[in-house]
Amino acid sequence: FFFSSRRRHTRFLPVSWARRCVQETGIQKNECQCFYKAIFMDCEMPVMNGFEAAKILTQMMVEKIIPIIPIIACTANVLEEGIDKCKDSGMSIQLFKPVSINKIEETLKLIQII
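Residues numbered from 1 in each chain as written. Predicted model: local features only at pLDDT ≥ 70, side-chain atom pairs only at ≥ 80, totals over all residues. Heavy atoms only, no water.

Engineer: Go over the pattern of salt bridges, please, and point to the residues and values.
Structural biologist: Inspection of the entire model under this criterion finds 1 salt bridge. In this structure, Asp42 engages Lys97 in a salt bridge whose closest nitrogen and oxygen atoms are separated by 3.1 Å. Highlighted residues: Asp42 in strand 3 (residues 36-42) and Lys97 in the loop between strand 5 (93-96) and helix 4 (101-110), separated in sequence by 55 residues. Taking the relative accessible area as the measure of exposure, Asp42 reaches 27% and is therefore partly exposed. (Salt bridge = Lys/Arg side-chain N within 4 Å of Asp/Glu carboxyl O. Helix = DSSP H or I, 4+ residues; strand = E, 2+ residues; numbered from the N terminus. Buried < 20%, exposed > 50% of the residue type's maximum accessible area, 1.4 Å probe, protein only.)

Engineer: Account for the state of the cysteines, naming residues and giving values.
Structural biologist: Counting across every chain of the model gives 0 disulfides. In this structure Cys74 is a free cysteine whose sulfur lies 7.2 Å from that of Cys43, the closest cysteine sulfur available. With no disulfide of its own, Cys86 has Cys43 as its nearest cysteine by sulfur position, at a separation of 3.9 Å. For Cys86, a relative accessible area of 1% corresponds to the buried category. (Disulfide = S-S within 2.5 Å.)

Engineer: Explain the environment of Asn49 to me, and be specific about the residues and the numbers.
Structural biologist: Relative to the elements of secondary structure, Asn49 occurs in the loop between strand 3 and helix 2 (50-62). Among the polar contacts made by the side chain of Asn49, one reaches the main-chain amide nitrogen of Phe51 at a distance of 2.9 Å. A distance of 2.9 Å separates a polar side-chain atom of Asn49 from the backbone nitrogen of Glu52. (Polar contact = N/O pair within 3.5 Å; in protein donor to acceptor, adjacent residues only side chain to side chain.)

Structure (structure tokens):
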């Protein structure tokens, strides 16, 4: 899900949201106005896992199709290989499950969102 500091709410959106938003609105690269400040990415999702989704979003950020938004991995895998997999896919930081409001706030403070 995406976290917006402007409206202090969360919104669940599919990964295809960013690409579709750009295509449907005709927005050119570097014109994308986004008020989302962070993406919480579940690493173990059906259809497309969080690692694949993060790679796609990271590539879109590199190509300046969407603005740079920190991707926070939500995972139960605390092993070093799991952490490396998150970093390799473009995720900024890991939030280990089980997740609590306090852990979310701490994570957002670490990446200077709140």
